[in-house]
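So you can see what is in the structure, the chains are spelled out below.
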Amino acid sequence: MNTEIRNAVVTGGGRGIGRAIATVLAARGAAVAVWDRTVADAEETVASIREAGGTAVAVIGDVADSAAVADSVKRTRSELGPISILVNNAAVSEYVPFVDITDDAWDRMIGVNLKGPFLVTKAVVPDMLAAGWGRIINISSSSAQSGGPLIAHYAASKGGLIGLTKALAIEYAETGITVNHVPPSSIDTPLLRDGLDPEEVAELVPMKRTGQPDDIAYAVAYLASEQAGFVTGQTLSVNGGRYLA
């Protein structure tokens, strides 16, 4: 499942699921650009990858800002070269009653979770088209499959990301580019701990445990591999059996 020294971008790669994805891709041979808004988090991920013998660079910027995305792509290309693997992982989340969601909160959620992947993918896909090979993996959410209280704007943003995944999978099916998504559920990350108790969540999972960031990372590594070349437009659910869809 070696990524054959391909260059990867992992947005939101500074911690949690993003850090795990960046680490696993690097361990399997990819040179990884760790994109994040927080300098310390991105540099910590990069340092860990380099200590293990991998290649990584930290790239700081906001995926919801088109100018910042352009700068991040430019730096990634200058440091690593053309980009062939993209993992759209950066996201924001909050728990709030629907009637209390402000316009600004809605716009920020859509901006990071849906517009962000649109901007980054649009900027990166020319490299993949030129190479005739590419892997785009979007980190969606089981909340877009099942719904849930207090997360209407989050679920809507991730549902849009699933739709974007399917549309791009069809549009680029003949080009050597695959587009898939992984909807995590019950993964023990800072985002989950911001509003939920991991032990209570574990009781809802048939496996009776929360998932770990590496569980998502290994699924992404498969979708990023040469072996997944005939897999596109698909949902690879990693949720311990909580949602069977």
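Refer to the structure above for everything that follows.
Everything quoted here is computed from the prediction, not taken from an experiment. (Residues numbered from 1 in each chain as written. Predicted model: local features only at pLDDT ≥ 70, side-chain atom pairs only at ≥ 80, totals over all residues. Heavy atoms only, no water.)

Engineer: Give a detailed account of the packing of aromatic side chains, specifying residues and quantitative values.
Structural biologist: On inspection of all chains with the given rule, the structure shows 0 aromatic pairs. For arginine 6, the ring lying beneath its charged end belongs to tryptophan 133, and the centroid distance is 3.5 Å. (Phe/Tyr/Trp six-rings, centres within 6.5 Å; stacked < 30°, edge-to-face > 60°. Lys NZ or Arg CZ within 6 Å of the ring centre and 35° of its normal.)

Engineer: If you had to explain the sheet that holds strand E4 (residues 85-88) to someone new, which residues and values would you point to?
Structural biologist: Taken together, the 6 strands give an open sheet; going across it, the order is E3-E2-E1-E4-E5-E6, and neighbouring strands pair in parallel fashion. Strands at the two margins of the open sheet, each flanked by one partner only, are strand E3 (55-60) and strand E6 (177-182). When strand polarity is set aside, the average angle formed by the axes of neighbouring strands in this sheet is 15 degrees. With 6 bridges connecting them, strand E2 (residues 31-36) and E3 associate as parallel partners. Along E3, the bridge assignment pairs valine 34 with alanine 58. This element, helix H1 (residues 16-27), spans strand E1 (7-11), E2, E4 and strand E5 (134-139) of the sheet and lies at about 170 degrees to E1. Strand contacts of helix H2 (residues 39-51): E2 and E3, with the helix running at about 175 degrees to E3, the strand carrying the most contacts. (Pairing = 2+ DSSP bridges. Helix = DSSP H or I, 4+ residues; strand = E, 2+ residues; numbered from the N terminus. Axes fitted to C-alpha atoms, helices over the stretch in contact; angles between N-to-C directions. Contact = heavy atoms within 4.5 Å.)

Engineer: Any details on the nonpolar core? Residues and values, ideally.
Structural biologist: Of all hydrophobic cores here, the largest spans 32 residues; its most connected members are Ile21, Leu25, Val32, Val87, Ile137 and Ile216. Counting residues per element, the ones that place at least two in this core are E1, H1, E2, H2, E3, E4, E5 and helix H9 (213-223). Examining the composition of this core, we find that 7 residues originate from one element, H1, more than from any other. Setting aside its immediate chain neighbours within four residues, isoleucine 21 contacts Val10, Val87, Asn89, Ile139, Ile216, Ala217 and Val220. One finds Val57, Ile83, Val125 and Leu168 within the second-largest nonpolar core, a separate group that totals 26 residues. (Core = buried A, V, L, I, M, F, W, Y, C linked by side-chain atoms within 4.5 Å. Buried < 20%, exposed > 50% of the residue type's maximum accessible area, 1.4 Å probe, protein only.)

Engineer: Which residues make up helix H6 (residues 152-171), and what are the values?
Structural biologist: Taking 1.5 Å of rise per residue, 20 residues should cover 28 Å, and H6 covers 29 Å from first to last C-alpha, within 8% of that figure. For H6, the set of buried residues is His153, Tyr154, Ala155, Ser157, Lys158, Leu161, Ile162, Thr165, Leu168 and Ala169. Close packing links the buried residues of H6 with helix H4 (103-131), E5, helix H5 (143-146) and E6. (Expected span 1.5 Å × (residues − 1).)

Engineer: Before we move on, can you summarise the packing of helix H3 (residues 66-79) against H4 with the specific residues and values?
Structural biologist: Orientation of H3 relative to H4, taken along the N-to-C sense of each, is 30 degrees, at an axis distance of 9 Å. Considering the relative orientation of H3 and H4, their crossing is right-handed. Contacts between H3 and H4 involve Ser66, Val69, Val73 and Arg77 on the former and, on the latter, Leu119, Val120, Ala123, Val124 and Asp127. Of the residues contributing to the contact of H3 with H4, the split by class is 6 nonpolar, 1 polar and 2 charged. (Left-handed = near helix turned anticlockwise from the far one by under 90°. Nonpolar A, V, L, I, M, F, W, Y, C, P; charged D, E, K, R; others polar.)

Engineer: Residue-level account of H9, with values.
Structural biologist: All of the buried residues along H9 are Pro213, Ile216, Ala217, Ala219, Val220, Ala221 and Leu223. In this structure, the buried residues of H9 make contact with H1, E4, E5 and E6.

Engineer: Help me get a handle on the pairing of E5, residues and values and all.
Structural biologist: A large share of E5 lies buried, amounting to 6 of its 6 residues. Residues Gly134, Ile136 and Asn138 of E5 are buried on one face, and the alternating residues Arg135, Ile137 and Ile139, pointing to the opposite face, are buried as well. Relative to E5, E4 runs parallel, the two sharing 4 bridges. Along E5, the bridge assignment pairs valine 87 with isoleucine 137. Read as a crossover between parallel neighbours, the route from E4 over H4 to E5 is right-handed. Note: E5 against E6, 6 bridges, orientation parallel. Residue pairing across strands places asparagine 138 opposite histidine 181, the latter belonging to E6. (Right-handed = clockwise from strand over helix to strand, strands pointing away.)

Engineer: Hey, could you go over the environment of alanine 67 for me, with residue numbers and the actual values?
Structural biologist: Of note, alanine 67 is situated in helix H3. In this structure alanine 67 comes out as partly exposed when scored by relative accessible area, which is 48%. Along the sequence, alanine 67 and isoleucine 17 sit 50 residues apart, while their C-alpha atoms lie 25 Å from each other.

Purely geometric stuff here, so don't read any function into it on its own.
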